Amino acid sequence: MSRRVPAGTLHRRPTVSVVVPCYNYARYLVECVETVLSQEDVNPEVIIVDDASTDASATVAQALATADSRVHAIRHSTNRGHIATYNDGLAEATGDYVVLLSADDLLLPGSLARATALLDANPSVGMVYGHPTHLYEGTKPKPPRTRVRNWTIWSGPEWIRLRCRAGINCVFNPEVVLRTSVQREIGGYRSDLPHSGDLEMWMRAASVADVGRVNGADQAYYRVHAASMQRTVYAGHLTDLRARWDAFRVVLTEHAEGIPGSGEMLATVQRTLANEALGQISRIYSDGREDPDADLVDSYLQFARELYPDTPALSAWRTIPVARRTGEHRSAVAALNAYRTIEDKIRWRRWRWNGV
């Protein structure tokens, strides 16, 4: 069960290792690192890992390291991909706590002190997160909230159970602070989960420790832009569904010993994701397109049946016929409005409804 507790403050200055993986993000790197070095009440160290960028990232990283002894720069001679880049940085972390912060994201003032205060006060907690606010390219960010309302603490299995019911990853990434000892215990990111490795990581941490959340304050800026990995390499809802299922399946089968009721949770997430896939079919039909993508519909249906063979028993199944009729009506209206003359509309109506 979860419990709400009053928020406390730090009574020491913990060291926080912030790993900054970077690939062709030279334009963001300085601002990112500055938001780490300016954190108050903690001792930050920054580990930049450049994955053989083709822009000026390596040069910028080295300049930052030369200017401040708290910054360390590592450069891959060849591109090794984001998972290896993450893990290389995590292996170098020496602080009490560790953060993985993409070079295009930003920490908000006081975020590390707020998160580590919870960790320091609750030794059973291995991971803390909070609210990330979106930073859209070309727009001025809204002022962040800095007042902590309270803390929420869950047992690890209960937090995993909630994720299974929702079927989604409620954590973006830059707002997470892990206890370094927990990070060492659970290991790094999995190369076979390139899209959902973060979700699997959070649940793996929850299989060995409790989970905490800082409520009320904004903890990080999660940057949204066209070049981000979520909008290029791993775009697509069905891809995301399959990746989430892989993450849940891996944790609930390979780490079941640390998760009481893992079998029940696995059944829950199968039902949840199958319902979501069927819901996407309803959205495809209700869009009102004249020719819905039959292959895409079949792919969603196949995925739903893989997870939950008795798909007609799911609540989302019953919405599909309604969505199909809604889409057909919208398509018919759109076709009707395409005619230019009243006479054409009348003839079209007669043909559509009477067949003459």
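Residues numbered from 1 in each chain as written. Predicted model: local features only at pLDDT ≥ 70, side-chain atom pairs only at ≥ 80, totals over all residues. Heavy atoms only, no water.

**Q** For the overall build of the chain, give the residues involved together with the corresponding values.
**A** What the chain contains, in helices and strands, is 12 helices and 10 strands. Counting across all 356 residues of the chain, residues that qualify as buried make up 52%. Partitioning the intrachain contacts of the chain with sequence separation of at least 6 by distance along the chain shows that 82% fall at a separation of at least 24. Of the roughly 17000 Å² of accessible surface on the chain, a fraction of 51% belongs to carbon and sulfur atoms. (Helix = DSSP H or I, 4+ residues; strand = E, 2+ residues; numbered from the N terminus. Buried < 20%, exposed > 50% of the residue type's maximum accessible area, 1.4 Å probe, protein only. Contact = heavy atoms within 4.5 Å. Areas by Shrake-Rupley, 256 points an atom, 1.4 Å probe, with all protein chains shown as cover.)

**Q** I'd like to hear about the confidence of the model for the chain, residue by residue, with values.
**A** On average, residues of the chain score 90 in pLDDT, and 88% of them are at 70 or above. In this model, residues 228–235 is a region of pLDDT below 50 whose contacts with residues beyond four sequence positions or in other chains number 15 contacts. (pLDDT = per-residue confidence, 0-100.)

**Q** Provide a residue-level description of the pattern of salt bridges, including the pertinent values.
**A** The tally for this structure, following the rule as stated, stands at 16 salt bridges. Among the salt bridges present, the one from Asp 88 reaches Arg 80, with a minimum N-O distance of 2.7 Å. By relative accessible area, which is 23% here, Asp 88 ends up partly exposed. Arg 244 serves as the salt-bridge partner of Glu 276, at 2.8 Å between the closest nitrogen and oxygen. Of this pair, Glu 276 sits in helix α9 (residues 262–286) while Arg 244 is found in helix α8 (residues 237–254), placing the two residues 32 residues apart along the sequence. Given a relative accessible area of 18%, Glu 276 falls into the buried group. (Salt bridge = Lys/Arg side-chain N within 4 Å of Asp/Glu carboxyl O.)

**Q** Explain empty space enclosed by the protein to me, and be specific about the residues and the numbers.
**A** If you walk through the whole model with that rule in mind, you get two cavities of 30 Å³ or more. Size it by volume and the largest cavity reaches roughly 70 Å³. Lining the largest cavity, in full, are Leu 90, Val 98, Val 99, Leu 100, Asn 173, Val 176, Val 177, Leu 178, Gln 183, Tyr 189 and Trp 202. For the lining of the largest cavity, the secondary structure elements donating two or more residues are β5 (97–100) and β9 (177–179). When residues of the lining of the largest cavity are assigned to their parent elements, the largest contribution, three residues, is made by β5. Here the residues of the lining of the largest cavity sort into nine nonpolar, two polar and no charged. The calculated volume of the second largest cavity comes to roughly 40 Å³. Lining the second largest cavity we find Val 99, Leu 107, Ser 111, Leu 112, Ala 115, Pro 174, Glu 175, Val 176, Val 177 and Gln 219. No other element matches the three residues that helix α4 (residues 111–121) contributes to the lining of the second largest cavity. (1 Å grid on protein atoms, 1.4 Å probe; cavity = no way out; pocket = protein on both sides within 12 Å on 5 of 7 lines; lining within 4 Å. Points joined across faces, edges and corners; volume = space filled by probe spheres on them. Nonpolar A, V, L, I, M, F, W, Y, C, P; charged D, E, K, R; others polar.)

**Q** Provide a residue-level description of the layout of surface pockets, including the pertinent values.
**A** Its volume calculated, the second largest pocket comes out at about 200 Å³. What lines the second largest pocket is Ala 7, Gly 8, Thr 9, Leu 10, Glu 40, Asp 41, Gly 110, Ala 113, Arg 114, Ala 117, Val 148 and Trp 151. Here the element with the most residues in the lining of the second largest pocket is α4; it accounts for three residues. Here the residues of the lining of the second largest pocket are counted per class, giving six nonpolar, three polar and three charged.

**Q** Requested: an account of the pairing of strand β4 (residues 71–75), with residues and values cited.
**A** Both strand β3 (residues 43–50) and β4 contribute to a ladder of five bridges, which runs parallel. Counted as the bridge partner of Asp 50 is Arg 75 from β4. What joins β3 to β4 is helix α2 (residues 57–67), and the crossover it makes is right-handed. (Pairing = 2+ DSSP bridges. Right-handed = clockwise from strand over helix to strand, strands pointing away.)

**Q** I'd like to hear about unusual backbone geometry, residue by residue, with values.
**A** A positive phi is found at Asp 41, a non-glycine position, where the angle reads about 70 degrees. Checked against the element boundaries, Asp 41 lands in the loop between α1 (26–37) and β3. According to the relative accessible area criterion, Asp 41 is partly exposed, its value standing at 42%.

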